[in-house]
Structure formats: C-alpha cells, structure tokens
Amino acid sequence: DPARGILYGVRYLAEQLARFPGDVARAVSAYNTGPGRAKRGASGRFPNQRYVDKVLSFWNRFRGLAAPATAALAALALIAALALRRRSR
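Quick caveat: nothing in here was measured; it's all calculated off a predicted structure.

1. Focus on the overall build of the protein chain
Working step 1: Counting its secondary structure elements, the protein chain contains 3 helices and 0 strands.
Working step 2: In sequence order, the secondary structure elements of the protein chain are arranged as α-α-α.
Working step 3: Taken across its 89 residues, the protein chain has 17% of its residues classed as buried.
Working step 4: Of the contacts formed within the protein chain by residues at least 6 apart in sequence, a portion of 14% connects residues at least 24 apart.
Working step 5: Carbon and sulfur atoms make up 62% of the accessible area of the protein chain, which totals about 7,000 Å².

Pasting the structure below:
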C-alpha cells in the first residue's frame, strides 16, 4: 500500500529530524542507514554521503515550492467550500 509506506516513511524521517535537531544531513543519513551509523567520519562525510547529497540537493531545489503549493491548495479548498455552500442554499 503506497499510502501506508509514505506515512511510515514520513514518520520515521520526522523521528530522525527530532533525534538530530538542526542537522538535516545527519537525519537523512540516519533515515537511510539507521541512527547508529549516521556518524561523520574523520573526513566529515557520512558512510552514505552520495545518498545524503542527492536527497539534500533534491530538498533544496524543491523546498521553496511547498509553501506556495500549500497556500494555493488552501485557496482552492476555500473556493470549493464557498461554492458548495452557495449550491446548498
């Protein structure tokens, strides 16, 4: 069930973000390898650095779109609610 998989994935990522407050890179590493392995080596890199870089790149590219999309969906929901209210009168 894809919806359930997304729900559990989001919950697990939220747990990692709470476990490593202020360190999104470490939380992403922990999501992928487990919290015990999400430690930077002597070089300052994670064991799964390529994965972390890819996820953070994607996040940085699209995170600015989330707020406008949320606002647009809220506006659409309000318009739909008003339209339904007018129809029911």
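2. A closer look at the confidence of the model for the protein chain
Working step 1: Looking at the protein chain as a whole, the pLDDT averages 85, with 84% of positions reaching at least 70.
Working step 2: Of all the helices and strands in the protein chain, helix α3 (residues 49–88) carries the lowest mean pLDDT, 77, while helix α2 (residues 24–33) carries the highest, 94.

3. Observations regarding the layout of surface pockets
Over the atoms rolls a probe the size of a water molecule, and its path tells where empty space is left.
Working step 1: Here the largest pocket is characterised by a volume of approximately 180 Å³.
Working step 2: In terms of lining residues, the largest pocket is bounded by Leu13, Leu17, Val24, Val28, Tyr31, Tyr51, Val55, Leu56, Phe58 and Trp59.
Working step 3: For the lining of the largest pocket, the elements supplying multiple residues, two or more each, are α1 (2–19), α2 and α3.
Working step 4: Tallying contributions element by element places α3 first for the lining of the largest pocket, with 5 residues.
Working step 5: Taken together, the residues of the lining of the largest pocket break down into 10 nonpolar, no polar and no charged.

4. Side note on α2
Working step 1: All of the buried residues along α2 are Ala25, Ala27, Val28, Ser29 and Ala30.
Working step 2: In the stretch just after α2, Gly34 is the one whose phi turns positive, near 100°.

5. Some remarks on the packing of aromatic side chains
Working step 1: With the rule as written, the count across this model stands at 2 aromatic pairs.
Working step 2: An angle of 45° between the planes, with centres 5.7 Å apart, marks the rings of Tyr12 and Tyr31 as tilted. Of the two residues, Tyr12 sits in helix α1 while Tyr31 sits in helix α2, which places them 19 residues apart along the sequence.
Working step 3: Under the relative-accessibility criterion, Tyr12 is labelled partly exposed at 28%.
Working step 4: Residues Phe58 and Phe62 carry aromatic rings whose centres are separated by 4.8 Å and whose planes lie at 50° to one another, so their mutual orientation is tilted. With Phe58 and Phe62 both in helix α3, this residue pair falls 4 residues apart, about one helical turn.
Working step 5: Overall, Phe62 belongs to the partly exposed group, its relative accessible area being 34%.

6. Concerning the packing of α1 against α2
To describe two helices that pack against each other, one gives the angle between their axes and the distance between the axes.
Working step 1: Put simply, α1 and α2 touch, their axes get as near as 8 Å, and they point 135° apart. When the axes of α1 and α2 are compared, the pair comes out oblique. Here the hand of the crossing between α1 and α2 comes out right-handed. Residues Gly9, Tyr12, Leu13, Gln16 and Leu17 of α1 lie in contact with α2, whose contacting residues are Val24, Ala27, Ala30 and Tyr31.

Parameters and conventions
Residues numbered from 1 in each chain as written. Predicted model: local features only at pLDDT ≥ 70, side-chain atom pairs only at ≥ 80, totals over all residues. Heavy atoms only, no water. Helix = DSSP H or I, 4+ residues; strand = E, 2+ residues; numbered from the N terminus. Buried < 20%, exposed > 50% of the residue type's maximum accessible area, 1.4 Å probe, protein only. Contact = heavy atoms within 4.5 Å. Areas by Shrake-Rupley, 256 points an atom, 1.4 Å probe, with all protein chains shown as cover. pLDDT = per-residue confidence, 0-100. 1 Å grid on protein atoms, 1.4 Å probe; cavity = no way out; pocket = protein on both sides within 12 Å on 5 of 7 lines; lining within 4 Å. Points joined across faces, edges and corners; volume = space filled by probe spheres on them. Nonpolar A, V, L, I, M, F, W, Y, C, P; charged D, E, K, R; others polar. Phe/Tyr/Trp six-rings, centres within 6.5 Å; stacked < 30°, edge-to-face > 60°. Axes fitted to C-alpha atoms, helices over the stretch in contact; angles between N-to-C directions. Parallel < 35°, antiparallel > 145°, perpendicular 65-115°, else oblique. Left-handed = near helix turned anticlockwise from the far one by under 90°.

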